[in-house]
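If you want the building blocks of each chain, they are given just below.
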Amino acid sequence: MKYWITVAVVLIVAVVVALVPVNEYFFYAAFVVLQFVVLATAWNILGGYAGYVNFGTGAFFAIGAYSAVVLFKWLGAPLGVQILAAAGVSGLLGFGVGLLTLRLRGIFFAIATVAVTFMLETVMVNWRYVGGATGLQLLRPPVTEPFDSYTRMLFVVMALLALVAISVARYVQDSWIGRGLRAIRDSEEAAECSGVPTLKLKLFACTVSGALMGAAGAPMPMYLSFIEPASSFSLNYSVSALAMPMIGGTAHWIGPVIGALLLASIQQIVTVTISNEINVLVVGVLLVLFVVAAPDGVLGLFKRWLRSSR
Amino acid sequence: MAALLQVSNVSKHFGGFTALAGVSLAIAEGERFGLIGPNGSGKTTLINCVSGSLRNETGSIVFNGEEVSRLPAYVRTRRGIARSFQIPRPFRTMSVLENLLVPSAYVAHLKDTDGEAEALDILRKIGLAEKAHAPSSALSQVELRKLELARAMAARPKLLISDEAMAGLSGAEVEEMLKILFALNQAGITIIMIEHIMQAVMRFSQRVVCLDAGRIICEGTPASIVQNPEVRKAYLGA
């Protein structure tokens, strides 16, 4: 109950902020931060709970974005439809990647997801309808009332998506599914012998995780008014989506949220104050620091602090 | 009486290596059954085929009147075949109690509150109750073996396969494990014991089968097995 009240409050605050005169740049930056909240949360459903490291976040994100572009160009579909369709297509991709878990575990699964990313990027580079390698300029449709700028509206949409993603992750974690996924992460064979339908659960986790990543990618073309393969499939998405839950803590749904808010905000600040190149370095340095000094992330540090202060 | 588990002509190869060559055996309900054999004789392969971790290439495995050899492992667990692992595989990020809640949720379909009551009951019987809330990564070797058995029990099995639950334990600890297994059998569970500790398996079993190079070389009461020249040859190579 407390959780749902918090969700409602956050959403109302997001809408109100979008309606009052705040510097437009705030929404540009906040959109990106929230986008990473969705990506990190989605990544954690498979990577954190089930222990399958997906290095192909960029692929799911970009396939979501391209699905939206195709629907927009072909049918002029509204944003809501674009997002749902993107979630569907990326969910299907997730299901396919899930089948890989039949044979591949650990590092081999991670490498396979990188391969999927390169494969799909090559397809998009060669697909003229969506602009190929040069990309495609998109004209934003008129903004929906009561918002007075498209970026402000996208900010609210992304806030909504983040809340949906967090709620899904929270549900998965607290349900019997979450316990099964944890069992898979600890020992797949013992899980199976304890009655856990491991393949079904892995396929479920891959599909849900992929769908949420796709949904996060759908508003991107409208945000930039442009789409192009190299930046859409960027490995930065994959690295960040992996680093943020690691830094926040993978055991609880709040971990990726903390990691994403922290890291993505730092990145935005660094991009503005120093340079765009340094912001990639920030991810790397923080990731290494946390892996060495606090392997259970901010959550682990917090728990340790709670215990020592008691 | 129909057997609880009927294994007929089961074979399994790994590349050119024959792990099982047409093994057949029947186990009655409520029986205490011992499976022995030298290292590499196919004991673990056989129970992997029975529990579903591996698929047998030929033959059939009928459990409780149902052909199970093409069912995935988790379904077989739900039908009543539970096993412990030779090398303990605890869910190491979970507490001891949570380890048991996995089968309670997925096999017995219990809500956590009911599952916890049943799990604590099992832990009491197995003598692990005081560790219920300890992280499973902090257990000693004998406690890990007990956890393996306890987790298998939480799946409410008809047949429990104990894969070398006593290897590496001290004399007193072996006694303790034997007592647990006897008690479980008293409660109506059929038990297959795979063991290298002869004294334990001979005392426990009503019937023993000896495997060598993927074949059954003899079958009988513990007393007759130790006298069997083929068994001596398989173990001692003489």
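Residues numbered from 1 in each chain as written. Chains lettered and ligands numbered in written order. Predicted model: local features only at pLDDT ≥ 70, side-chain atom pairs only at ≥ 80, totals over all residues.

Draft legend 1. How the structure looks around the packing of helix α1 (residues 2-19) of chain A against helix α6 (residues 150-174) of chain A. Residues and elements named next belong to chain A. Between α1 and α6, the least distance of the axes is 9 Å, while the angle of their chain directions is 170 degrees. With respect to α6, the axis of α1 lies roughly antiparallel. Mapping the contact onto sequence places V7, V10, L11, A14, V15 and A18 in α1 and R152, F155, V156, A159, L160, L163 and S167 in α6. Looking at side-chain class alone, the contact of α1 with α6 contains eleven nonpolar, one polar and one charged residues. (Axes fitted to C-alpha atoms, helices over the stretch in contact; angles between N-to-C directions. Helix = DSSP H or I, 4+ residues; strand = E, 2+ residues; numbered from the N terminus. Parallel < 35°, antiparallel > 145°, perpendicular 65-115°, else oblique. Contact = placed C-beta atoms within 7 Å. Nonpolar A, V, L, I, M, F, W, Y, C, P; charged D, E, K, R; others polar.)

Draft legend 2. Up close: helix α5 (residues 106-125) of chain A. Residue and element names in this part refer to chain A. Its 20 residues give α5 an end-to-end C-alpha distance of 30 Å, which sits within 8% of 28 Å, the value for a rise of 1.5 Å per residue. Among all positions of α5, only F109, T113, V116, T117, L120 and M124 are buried. Taken end-on, α5 shows its buried residues confined to a sector of 100 degrees, consistent with a single buried face. Those residues of α5 that are exposed and aimed more than 90 degrees away from the buried face are I107, F108, M119 and T122. Elements in contact with the buried residues of α5: α3 (57-75), α4 (79-100) and α11 (229-232). (Expected span 1.5 Å × (residues − 1). Buried ≥ 20, exposed ≤ 12 C-beta atoms within 10 Å, placed from the backbone. Arc of directions from axis to C-beta.)

Draft legend 3. Focus on the environment of B:H133. Residue and element names in this part refer to chain B. Examined against the element boundaries, H133 turns out to sit in the loop between α4 (112-126) and α5 (141-154). Overall, the presence of 9 C-beta atoms within 10 Å leaves H133 in the exposed class. A sequence separation of 20 residues divides H133 from T113, and the C-alpha atoms of the two residues are 15 Å apart. Beyond its immediate chain neighbours, meaning those up to four positions away, H133 contacts S95 and L97.

Draft legend 4. Spatial organisation of the interface of chain B and chain A. With 21 residues of chain B in contact, the opposing surface of chain A contributes 17 residues. For the side of chain B that touches chain A, the elements supplying multiple residues, two or more each, are α2 (73-79) and α3 (96-106) of chain B. Per-element tally for the side of chain B that touches chain A: the top contributor is α3(B), with five residues. Residue composition of the side of chain B that touches chain A, by class: twelve nonpolar, four polar and five charged.

Draft legend 5. Inspection of the sheet that holds strand β2 (residues 17-27) of chain B at higher detail. Ordered by their spatial adjacency, four strands build an open sheet running β2-β1-β4-β5 (chain B), and the pairing between neighbours is antiparallel. The open sheet has two edge strands with one neighbour each: β2 and β5 (66-67) of chain B. (Pairing = 2+ DSSP bridges.)

Draft legend 6. Seen up close, the confidence of the model for chain A. Looking at chain A, pLDDT values average 91 and 100% of them are 70 or higher. Ranking the elements of chain A by mean pLDDT puts helix α14 (residues 276-293) of chain A last, at 85, and helix α9 (residues 198-217) of chain A first, at 95. (pLDDT = per-residue confidence, 0-100.)

Draft legend 7. Spotlight on the packing of helix α7 (residues 176-186) of chain A against α3(B). Running from N to C, α7(A) and α3(B) point in directions that differ by 125 degrees, and their axes come no closer than 10 Å. Relative to α3(B), the element α7(A) lies oblique. The way α7(A) lies across α3(B) gives a crossing that is left-handed. Taking contact as the criterion, the partners of A:W176, A:R179, A:G180 and A:A183 in α7(A) are, on α3(B), B:L101, B:V102, B:A105 and B:Y106. Across the contact of α7(A) with α3(B), the residue classes tally to six nonpolar, one polar and one charged. (Left-handed = near helix turned anticlockwise from the far one by under 90°.)

Draft legend 8. Looking closely at the pairing of strand β7 (residues 159-163) of chain B. Residues and elements named next belong to chain B. Most of β7 is tucked away: five of the five residues are buried. Side chains of β7 alternate between two faces, with L159, I161 and D163 and L160 and S162 buried alike. Across three bridges, the pairing between strand β6 (residues 81-83) and β7 is parallel. Across the sheet, I81 pairs through a bridge with L159, a residue of β7. Looking at chain direction, β7 and strand β8 (residues 190-194) are connected through five bridges and run parallel. Bridge pairing links S162 to M193 in β8. Regarding topology, helix α6 (residues 171-186) serves as the crossover connection from β7 to the parallel β8, and that connection is right-handed. (Right-handed = clockwise from strand over helix to strand, strands pointing away.)

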